[in-house]
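Next come the chains, spelled out residue by residue.
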Amino acid sequence: MPIWSSIPATLIPEGHPLARYAVTGAGLKLRIHPLAAAIAHDQLDRLDGYLAGRAETARYLTGQLAGIPGLEVTTVPDGMIPSWYGLTVTYRPGELGGLPIERFHQALIAEGATEFDRPGSTCPMNQLPLYQHPASLFPGHPHSHRKYQAGDFPVAEHAHAHAHTIKLPVWHREQDLELAEQHVRAAIKISDHHKELQ
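Residues numbered from 1 in each chain as written. Predicted model: local features only at pLDDT ≥ 70, side-chain atom pairs only at ≥ 80, totals over all residues. Heavy atoms only, no water.

Chemist: Before we move on, could you go through the overall build of the chain and cite the residues and values that matter?
Modeler: Scanning the chain from terminus to terminus reveals six helices and three strands. Ordered by position from the N terminus, the helices and strands of the chain form the series α-α-β-β-α-α-α-β-α. The buried share of the chain, taken over its 198 residues, is 29%. Contacts in the chain between residues far apart in sequence, at least 24 positions, make up 68% of those at least 6 positions apart. Within the structure as shown, the chain displays about 12,700 Å² of accessible surface, and the carbon and sulfur contribution to it stands at 57%. (Helix = DSSP H or I, 4+ residues; strand = E, 2+ residues; numbered from the N terminus. Buried < 20%, exposed > 50% of the residue type's maximum accessible area, 1.4 Å probe, protein only. Contact = heavy atoms within 4.5 Å. Areas by Shrake-Rupley, 256 points an atom, 1.4 Å probe, with all protein chains shown as cover.)

Rendered as structure tokens:
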């Protein structure tokens, strides 16, 4: 069994049998190093505050972005309480005269709203080889384990596969509200002036 914990993907040769597992970022020893454990232990006391801050920022962002023509905020299913790692919106080009998403996104960046991002570099974790074919890394792994299937996490899978998804981090500090407001203002400006970008 491999003994490394979390090596950079660039250190695994492209043709190596384990290269497809490099993007997981998950350590193969299933443990973290002492410094990371100390930091995590210190942060746990602040977790509730972080989550409350993110929820507040998410309420602001979803409320503001939902009213902007060309953007549709991804709804949270009933009964779910998200941790708000990120917020996704679907770009609707038909509402902005067919303006391509690439042009819309470039305009956001030009306005300084650089945290708007388009998914693609990663995929939902259940689709990664580490979770689809764990036996290659863990030969003793039981074959009876629950294998994740396409459709198990439809919201995440849709956000990744959909060409018109834009994502935004959800900040948790009170002083970050100004950053959230800046991104909302940029989206409003571009939506309002979309004809000039055609």
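Chemist: Outline the nonpolar core, listing residues and values.
Modeler: Grouped together as the largest cluster of nonpolar side chains are 28 residues, with contacts concentrated most on Leu61, Leu65, Leu71, Tyr91 and Phe104. Where this core is concerned, the elements lending two or more residues are α2 (47-65), β1 (71-73), β2 (86-91), α3 (101-110), β3 (165-169) and α6 (177-192). In terms of residue count, α6 provides more of this core than any other element does, five residues in total. In contact with Leu71, other than residues within four places in its own chain, are Leu65, Ala66, Val89, Thr90, Tyr91, Glu95, Phe104 and Ala187. (Core = buried A, V, L, I, M, F, W, Y, C linked by side-chain atoms within 4.5 Å.)

Chemist: So, the sheet that holds β1: which residues are in play, and what are the values?
Modeler: The sheet built from three strands is open, its strands ordered β1-β2-β3 with antiparallel pairing. At either end of the open sheet lies a strand with only one pairing partner, and these are β1 and β3. Ignoring strand direction, the axes of neighbouring strands in this sheet form an average angle of 35°. Pairing of β2 with β3 involves five bridges; the strand directions are antiparallel. The partner of Val89 across the bridge, within β3, is Ile166. The strands touched by α3 within the sheet are β1, β2 and β3, with β3 carrying the most contacts at an inclination of about 20°. (Pairing = 2+ DSSP bridges. Axes fitted to C-alpha atoms, helices over the stretch in contact; angles between N-to-C directions.)

Chemist: Pulling in residues and values, what's your account of the environment of Gly98?
Modeler: Considering the arrangement of structural elements, one finds Gly98 in the loop between β2 and α3. The spacing of Gly98 and Gln198 is 100 residues in sequence and 8.4 Å in space, taken between C-alpha atoms. Not counting chain neighbours up to four residues away, the residues in contact with Gly98 comprise Pro93 and Gln198.

Chemist: Mind laying out the environment of Gln106, listing which residues take part and the relevant values?
Modeler: With respect to the helices, strands and loops of the structure, Gln106 is situated in helix α3. Taking the relative accessible area as the measure of exposure, Gln106 reaches 46% and is therefore partly exposed. The sequence separation of Gln106 and Phe116 amounts to ten residues, and the corresponding C-alpha distance is 9.7 Å.

Chemist: Tell me about the packing of α3 against α6, and name the residues and values.
Modeler: Taken N-terminus to C-terminus, the directions of α3 and α6 make an angle of 130°; their axes are 9 Å apart at the nearest point. Between α3 and α6, the angle is such that the two are oblique. Of the two elements, α3 crosses α6, and the hand of that crossing is right-handed. Residues Phe104, Ala107 and Leu108 of α3 form the contact with α6, whose participating residues are Ala186, Ala187, Ile190 and Ser191. Among the residues making up the contact of α3 with α6, the classes are represented as six nonpolar, one polar and no charged. (Parallel < 35°, antiparallel > 145°, perpendicular 65-115°, else oblique. Left-handed = near helix turned anticlockwise from the far one by under 90°. Nonpolar A, V, L, I, M, F, W, Y, C, P; charged D, E, K, R; others polar.)

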